[in-house]
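Spelled out from the first residue to the last, the chains are:
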Amino acid sequence: MSEKESATENLISDAMATPSPAKSMGEPGITPLSPSHIQNDSDQVPSGPSFVVVVAIDFGTTSSGYAYAFTKEPECIHTMRRWEGGDPGVSNQKTPTTILLTPDRKFHSFGYAARDFYHDLDPSESKQWLYLEKFKMKLHTTANLSTETDIQAANGKRVKALDIFAYALAFFKEQALKELSDQTGGDFDNNDVRWVITVPAIWKMPAKQFMREAAYKSGLVTRDNPEQLIIALEPEAASIYCRKLRLHQMIDLGTRTTQNGHSPTDNVGGGMTPAKEHVRRNRQSRTFMVENVIGELWSELEEGDRYVVVDCGGGTVDLTVHQIRLPEGHLKELYKASGGPYGSIGIDYEFEKLLCKIFGQDFVDQFKVKRPAAWVDLMIAFESRKRAAAPDRTNPLNINLPFSFIDYYKKFRGHSVEHALRKSNVDFVKWSSQGMLRMNPDAMNALFKPTIDHIIQHLNELFERPEVSDIKFLFLVGGFAESPLLQQAVQGMLQGRSRIIIPHDVGLTILKGAVLFGLDPGIIKVRRSPLTYGVGVLNRFVEGKHPPEKLLVKDGTRWCTDVLDTFIVADQSVALGELVKRSYTPARPTQQVIVIHVYCSEREGAAFISEPGVRKCGTLRLDVSGTESGAARREIQTLMQFGDTEIRAMAVDVATARTVRATIDFLSH
């Protein structure tokens, strides 16, 4: 037996062990049987059960929606029914991501309905109700996310995030099944639905897993049937939809031409003042025909061509670099997703900061808690003006101040709102006698600046990377992509280095792409692993190579403890469904239970599980008691399957075919 083969024994240790706990070696371990090798079984991705329909849910920071397609008619994508309610200046097939719970914390309503009901409550009553908005960002910003993480409602009370996400998904499930039942004329069975939920690509694994946990809790799918739900990455979904674009379905910012009869200056992206003809065609129809061809634009792309998808949403901005692989035109991710919390809600925060500057932080904080519904009103008024901001605008933007804002301010300060504006040294914001804040366009543009600067800085950094040279197209998608200010900034930064393409109905791009992804999940062939994964083992101690504090002497053998035996490293290319396999053997033939711990780290070069940033994310316990193996050495195979947004691990006792599986858990600490 070679030195290498006898040298590894499974190690029982804790995720953040600094002094090595292996000294106490409670459970005997395992040693490798064969040199590590990667077995590529990526062709045998299970096709899974057949579904009648694919329903995709775009659970956004600011707005949400769903779309679906029947597997028999994959070229027809239906977006959800028009919602009740709606805002002036905001034409959208999506509904605000807002949720209302009754005072005893039961689900009441979602979207416009939640907002309107909350708004109509008497102020004394509304303090008891729990109203939540923009809560999706909590999953991105919480460092040690778990199923216990809580979020704050408008009245200051705290609720479990998992409950809120589960309520929202249950609402979408009910709406979609209702619509499908009406369409098909019978009770539509949830088992016939393949669900797709989109998440930002830059989310860390715990956040992605959190969405899946919420889906289990909501009854969208069951744990016994995890394949029924796909967690799709937002820019990937956008990328898949952009492949299908025909010339009349988009705007090329470089040439500023569009093919459907309106001048490009009308409005790019069609969000605020949609092209008249477009509206006539689409007033009734919520069905988008996706032709079973590659769009004209795409046909210009050749093998190896690269393009960037910039997904600008409400909460985050996600940048993904893809490369085309012919003949099928599969996508390969070239550089791991990057971006950050630079979505359009950053502009809302800047507006809030401006109000604090004029009226005082103490007043604004009080007002939000004491008059939460009026605060929501004020933000809605701001939202519609925010969408009217444009680089060449000259006339001021008026924002209605709710009566209770004016009233409460006078009570709070003893002088008028008008007085505060005169006294504050904020330029470009004046009081108009109709009870409005008048914002000079420069003042509005200044609110956009920090957020847009972040995005441009990020794009600059991305374009400086060697993997990101020769980009043919930049697809600008997501709701924030409608902003002319953002479009102008991206154009200025690129200076003609690549063509900027903006699909029509840009806010629905991800939703439509997610449906296409659910119909054919194999379309994305290669991803970058965001993390390094491996198992904790013992190696034969080598003087001079291993740190002396890792030495453990056991039964006369000198071992090095805490070694991370790597399965895959961060930023490595992983084919969808790829299996990485290792073989081990128990260190002692009499061993009854074999325990294998799986670890992960954001660093590529992690060598020991005790290093900072390495954490335990899964455990495989294989009970081999009561079985005799005829072979001299029992073979235990450990497999990890990568590629989907989930990672599965499995251990097999080859002699008895006894198997244990584990889904890697990123949420328990």
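Quick caveat, the model's predicted, so the values are computed rather than measured.

Cut-off values and rules
- Residues numbered from 1 in each chain as written.
- Predicted model: local features only at pLDDT ≥ 70, side-chain atom pairs only at ≥ 80, totals over all residues.
- Heavy atoms only, no water.
- Helix = DSSP H or I, 4+ residues; strand = E, 2+ residues; numbered from the N terminus.
- Buried < 20%, exposed > 50% of the residue type's maximum accessible area, 1.4 Å probe, protein only.
- Contact = heavy atoms within 4.5 Å.
- Areas by Shrake-Rupley, 256 points an atom, 1.4 Å probe, with all protein chains shown as cover.
- Salt bridge = Lys/Arg side-chain N within 4 Å of Asp/Glu carboxyl O.
- Arc of directions from axis to C-beta.
- Axes fitted to C-alpha atoms, helices over the stretch in contact; angles between N-to-C directions.
- Parallel < 35°, antiparallel > 145°, perpendicular 65-115°, else oblique.
- Left-handed = near helix turned anticlockwise from the far one by under 90°.
- Nonpolar A, V, L, I, M, F, W, Y, C, P; charged D, E, K, R; others polar.
- Pairing = 2+ DSSP bridges.

**Notes on the overall build of the protein chain**
Check the secondary structure of the protein chain and you find 17 helices and 35 strands. Going through the 669 residues of the protein chain one by one, you find that 57% of them count as buried. For the protein chain, the proportion of contacts with a sequence separation of at least 24, taken over those separated by at least 6, is 71%. Approximately 27,700 Å² of the protein chain is accessible, and the part contributed by carbon and sulfur atoms is 50%.

**Quick look at unusual backbone geometry**
In the Ramachandran plot, Lys 134 falls in the positive-phi region, its phi being about 55° despite a non-glycine side chain. Take Lys 134: it is sitting in the loop between β10 (130-133) and α4 (137-141). Take Lys 134: its relative accessible area is 22%, and that puts it in the partly exposed class. If you check the backbone angles, Gln 495 has positive phi at about 45° while not being a glycine. Position of Gln 495 among the secondary structure elements: in the loop between α16 (484-494) and β24 (499-503).

**Observations concerning the pattern of salt bridges**
Counting across every chain of the model gives 26 salt bridges. Two residues, Lys 449 and Asp 453, come together in a salt bridge whose shortest N-O distance is 2.6 Å. Here Lys 449 pairs with Asp 453, and both are found in helix α15 (residues 441-463), just four residues apart, close to one helical turn. Overall, Lys 449 belongs to the partly exposed group, its relative accessible area being 49%. Note that Glu 543 and Arg 558 form a salt bridge whose closest N and O atoms lie 2.4 Å from each other. One end of the pair, Glu 543, is in the loop between β26 (532-540) and β27 (551-554); the other, Arg 558, is in strand β28 (residues 557-568), and 15 residues separate them in sequence. Judged by its relative accessible area of 58%, Glu 543 is exposed.

**Describing helix α13 (residues 403-413)**
Turning to α13, its buried residues are Ser 404, Phe 405, Tyr 408 and Tyr 409. For α13, the arc enclosing every buried residue in end-on projection is 130°, short of the 170-degree limit, so these residues lie on one face. In α13, the exposed positions that point more than 90 degrees away from the buried face belong to Phe 403 and Lys 411. For α13, the secondary structure elements touched by its buried residues are α10 (345-359), α11 (361-370), α12 (372-386) and α14 (417-423). Looking one or two residues past α13, Gly 414 carries a phi angle of roughly 80°, positive in sign.

**Quick look at the packing of α10 against α12**
Here α10 crosses α12 at 120°, and the two axes come no closer than 11 Å. When the axis of α10 is compared with that of α12, the two are oblique. Here the hand of the crossing between α10 and α12 comes out right-handed. When α10 is examined against α12, the residues Ile 347, Asp 348, Phe 351, Glu 352 and Leu 355 are found in contact with a partner set consisting of Trp 375, Leu 378, Met 379, Phe 382, Glu 383 and Lys 386. Classifying every residue of the contact of α10 with α12 by side-chain character gives seven nonpolar, no polar and four charged.

**Observations regarding the sheet that holds strand β20 (residues 397-400)**
The strand order β20-β22-β21 describes an open sheet built from three strands, whose pairing is antiparallel. Of all strands in the sheet, those bounded by a partner on one side alone are β20 and β21 (429-432). Each neighbouring strand pair of the sheet contributes to a mean axis angle of 30°, computed without reference to strand direction. The strands touched by α15 within the sheet are β20, β21 and β22 (436-439), with β22 carrying the most contacts at an inclination of about 85°.

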